[in-house]
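Secondary and tertiary structure notes
Each chain, written out:
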Amino acid sequence: MQLTDLIGYAAASLTTASFIPQAWLTFKTRDVRGISLGMYSAFTLGIALWLAYGLLIDAWPVVIANVITLALASSILWMRLRFGATASPNPSSTEA
């Protein structure tokens, strides 16, 4: 395996793993008040496009990372859509 692939897998592992605590906390608490619908919608679409790009250029670190990140981001977005309507409003925050 080339050094560039190792760096790619390391970066992919770290950035992808960073979503696990947010997804777990959101699933556990169902508290989505701090999650911006606009930001997570755009982010999830961006991840899907990165996945498509990785497939097109045959870059497996990009593909693997974005498959996992897309699953995590999609689950957070789904929870935001599902539980956002029932969440109690937080007067100190505004929807972005």
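All chains use their own residue numbering, which begins from 1 and follows the written sequence. A pLDDT threshold of at least 70 governs which residues receive local features in this predicted model, and a stricter bar of 80 or more applies before side-chain atom pairs are shown or counted, although totals over entire chains, interfaces and linings include all residues. Here the side-chain values reflect all heavy atoms present in the structure, with hydrogen atoms and water set aside.

Some thoughts on the overall build of the protein chain
This is how it is decided: Each helix is a run of H or I in the DSSP string that is no shorter than four residues. Each strand is a run of E no shorter than two, and both are numbered from the N terminus. In this scheme, a residue with accessible area under 20% of its type's maximum is buried, one over 50% is exposed, and one in between is partly exposed, where area comes from a 1.4 Å probe on protein chains only. Every residue pair with non-hydrogen atoms within 4.5 Å of one another is taken to be in contact.
For the protein chain, the count of helices and strands is four helices and zero strands. In sequence order, the protein chain lays out its α and β elements as α-α-α-α. Counting all 96 residues of the protein chain, 28% fall into the buried class. In the protein chain, the proportion of contacts linking residues at least 24 apart, taken out of those at least 6 apart, comes to 73%.

Considerations on the packing of aromatic side chains
As a reminder of what qualifies: Here the aromatic set is Phe, Tyr and Trp, taking the six-membered ring for Trp, and pairing holds for ring centres within 6.5 Å; pairs whose planes are under 30 degrees apart are stacked, those over 60 apart are edge-to-face, and all others are tilted. A ring is scored as having a charge over it whenever the NZ atom of a lysine or the CZ atom of an arginine sits within 6 Å of its centre and within 35 degrees of its normal.
Within the structure shown, the criterion is met by five aromatic pairs. Taken together, the ring pairs connect Phe19, Tyr40 and Phe43 into an aromatic cluster. Of note, arginine 30 hangs over the ring of phenylalanine 27, and the distance from its end group to the ring centre comes to 5.4 Å.

As for the side chain of asparagine 66
Keep this limit in mind: Under this definition, polar contacts are N or O atom pairs within 3.5 Å; protein pairs additionally need one hydrogen-donor-capable and one acceptor-capable atom, and for neighbouring residues in sequence, both atoms have to be side-chain atoms.
Looking at where asparagine 66 falls in the secondary structure, it is placed in helix H4 (residues 60–84). A residue is classified by how much of its surface remains accessible, and asparagine 66, at 10% relative accessible area, is buried. Within the structure, asparagine 66 has its side chain in polar contact with the backbone oxygen of valine 62 (distance 2.7 Å). Discounting residues that sit within four places of it in the chain, asparagine 66 has contacts with Ile47, Trp50 and Leu51.

Describing unusual backbone geometry
Positive phi outside glycine occurs at arginine 30, with the angle close to 60°. Here arginine 30 is to be found in the loop between helix H2 (19–29) and helix H3 (37–57). Phi is positive for aspartate 58, close to 60°, though the residue is something other than glycine. By the secondary structure assignment, aspartate 58 is in the loop between H3 and H4. According to the relative accessible area criterion, aspartate 58 is exposed, its value standing at 55%.

Things to note about the packing of H3 against H4
Keep this limit in mind: Note on definitions: angles span 0 to 180 degrees between N-to-C directions of axes, and those axes are lines fitted to C-alpha atoms, for helices only across the stretch in contact. For classification purposes, an angle smaller than 35 degrees is called roughly parallel, one larger than 145 roughly antiparallel, one from 65 to 115 roughly perpendicular, and anything else oblique. Crossing handedness is defined as follows: a turn of the near helix away from the far one that is anticlockwise and smaller than a right angle gives a left-handed crossing, while the clockwise case is right-handed. Here the nonpolar group is Ala, Val, Leu, Ile, Met, Phe, Trp, Tyr, Cys and Pro; Asp, Glu, Lys and Arg are the charged ones; every other residue, Gly included, is treated as polar.
Look at H3 against H4: their axes get within 9 Å of each other, and the N-to-C directions meet at 155°. In terms of axis orientation, H3 runs roughly antiparallel to H4. Like other packed secondary-structure pairs, H3 and H4 cross with a definite hand, here left-handed. Facing Leu37, Tyr40, Ser41, Phe43, Thr44, Ile47, Ala48, Trp50, Leu51, Gly54 and Leu55 of H3, the residues of H4 in contact are Val62, Val63, Asn66, Val67, Thr69, Leu70, Ala73, Ser74, Ile76, Leu77, Arg80 and Leu81. In terms of residue class, the contact of H3 with H4 is built from 16 nonpolar, six polar and one charged.

Overview of a nonpolar patch on the surface
Definition in use: Think of a patch as exposed residues, more than 30% relative accessible area, with no salt bridge, where like charges cluster within 9 Å and nonpolar side chains (Val, Leu, Ile, Met, Phe, Trp, Tyr) cluster within 5 Å. Each accessible area is a Shrake-Rupley result for a 1.4 Å probe, and residues are judged covered by the shown protein chains and nothing else. Salt bridges are counted wherever a side-chain nitrogen of Lys or Arg sits within 4 Å of a carboxyl oxygen of Asp or Glu.
The grouping of Leu55, Trp60, Ile64, Val67 and Ile68 at the surface amounts to a nonpolar patch, some 460 Å² of accessible area in total. The element contributing the most residues to the nonpolar patch is H4, with four residues. Mapped onto the fold, isoleucine 64 is located in helix H4.

Nothing here speaks to function; it is all geometry.
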